[in-house]
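Fold and geometry: a report
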Amino acid sequence: MTGLSWLPRTAPTIVASLGAMLILVGTSRYGVGLVTDSAFYLSTAESLLAGQGYWTFQGHAFLRFAPFYPTLLALTGLAGHDLFAIARWMDVLCFGLLNLVVASWLFARLRSGVIALAVSVSILSSVPLQSVFYSALSEPLFILFTTVSLLDLDAFLRTERDL
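For the structure given in this document, a descriptive report is provided here.

**Regarding the nonpolar core**
- Grouped together as the largest cluster of nonpolar side chains are 34 residues, with contacts concentrated most on Tyr69, Leu73 and Phe133.
- For this core, the element with the highest residue contribution is helix α4 (residues 83–109), accounting for 11 residues.
- Apart from residues lying up to four places away in sequence, Phe133 is in contact with Ile23, Asp91, Cys94, Phe95, Leu98, Pro140 and Ile143.

Structure (structure tokens):
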């Protein structure tokens, strides 16, 4: 291989691995971050696991947020794992996948591998983005799914198919 021809094939995997490790290390000492919304999500997942339905720690019905995240936590919690650990590993997986998908797209669309790498690293090192992935929130899944949807839209619009 000459020059940087290896970069488009290996850089997305490296960036994704670094992203996953960043969240893993960042949550290793104290665990996943908790905010008020996290308490609602985790208590609702515990309620689902107990067979009581969508109820929060306050004894109210879980109506303020969409039910996907606590449902996903509860489904993965059926294996008997701690919900806090599940939330942490979901964040690790989501940040790694987000970096993989974005870096792959950048390397496929940009002519300069150096610019694609610079943008990938800037996304990887974005402190505001990282802070979302350090907490037990539904936003990491939303960010990942929205990004994948936009990249799918990009792929669709680049083809000349009729609706």
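So, next bit.
**Observations regarding helix α3 (residues 68–77)**
- What α3 keeps buried is the set Tyr69, Pro70, Leu73, Ala74 and Gly77. Seen along its axis, α3 keeps its buried residues to an arc of 135°; they face one direction.
- Its buried side turned inward, α3 meets α2 (36–49), α4 and α7 (139–158).

**Some remarks on the environment of Leu106**
- Take Leu106: it is sitting in helix α4.
- Classification of Leu106 by relative accessible area gives buried; the value is 8%.
- For Leu106 and Val119, which are 13 residues apart along the polypeptide, the C-alpha to C-alpha distance reads 8.0 Å.
- Contacts of Leu106, omitting those with residues within four sequence positions, involve Ala116, Val119 and Ser120.

**Observations regarding the environment of Phe142**
- Assignment of secondary structure puts Phe142 in helix α7.
- Measuring from C-alpha to C-alpha, the distance between Phe142 and Tyr69 comes to 9.6 Å, with 73 residues separating the pair along the chain.

**Regarding the packing of helix α1 (residues 7–26) against helix α5 (residues 113–124)**
- Across the interface, α1 lies against α5 with an axial gap of 10 Å and an inter-helix angle of 10°. Considered as vectors, α1 and α5 are oriented roughly parallel to each other. Of α5, the residues touching α1 (which contributes Leu7, Ala11, Val15, Leu18, Gly19 and Leu22) are Gly113, Val114, Leu117, Ser120 and Leu124.
- Its residues assigned to classes, the contact of α1 with α5 shows eight nonpolar, three polar and no charged.

Reading guide: rules and limits
Residues numbered from 1 in each chain as written. Predicted model: local features only at pLDDT ≥ 70, side-chain atom pairs only at ≥ 80, totals over all residues. Heavy atoms only, no water. Core = buried A, V, L, I, M, F, W, Y, C linked by side-chain atoms within 4.5 Å. Buried < 20%, exposed > 50% of the residue type's maximum accessible area, 1.4 Å probe, protein only. Helix = DSSP H or I, 4+ residues; strand = E, 2+ residues; numbered from the N terminus. Contact = heavy atoms within 4.5 Å. Arc of directions from axis to C-beta. Axes fitted to C-alpha atoms, helices over the stretch in contact; angles between N-to-C directions. Parallel < 35°, antiparallel > 145°, perpendicular 65-115°, else oblique. Nonpolar A, V, L, I, M, F, W, Y, C, P; charged D, E, K, R; others polar.

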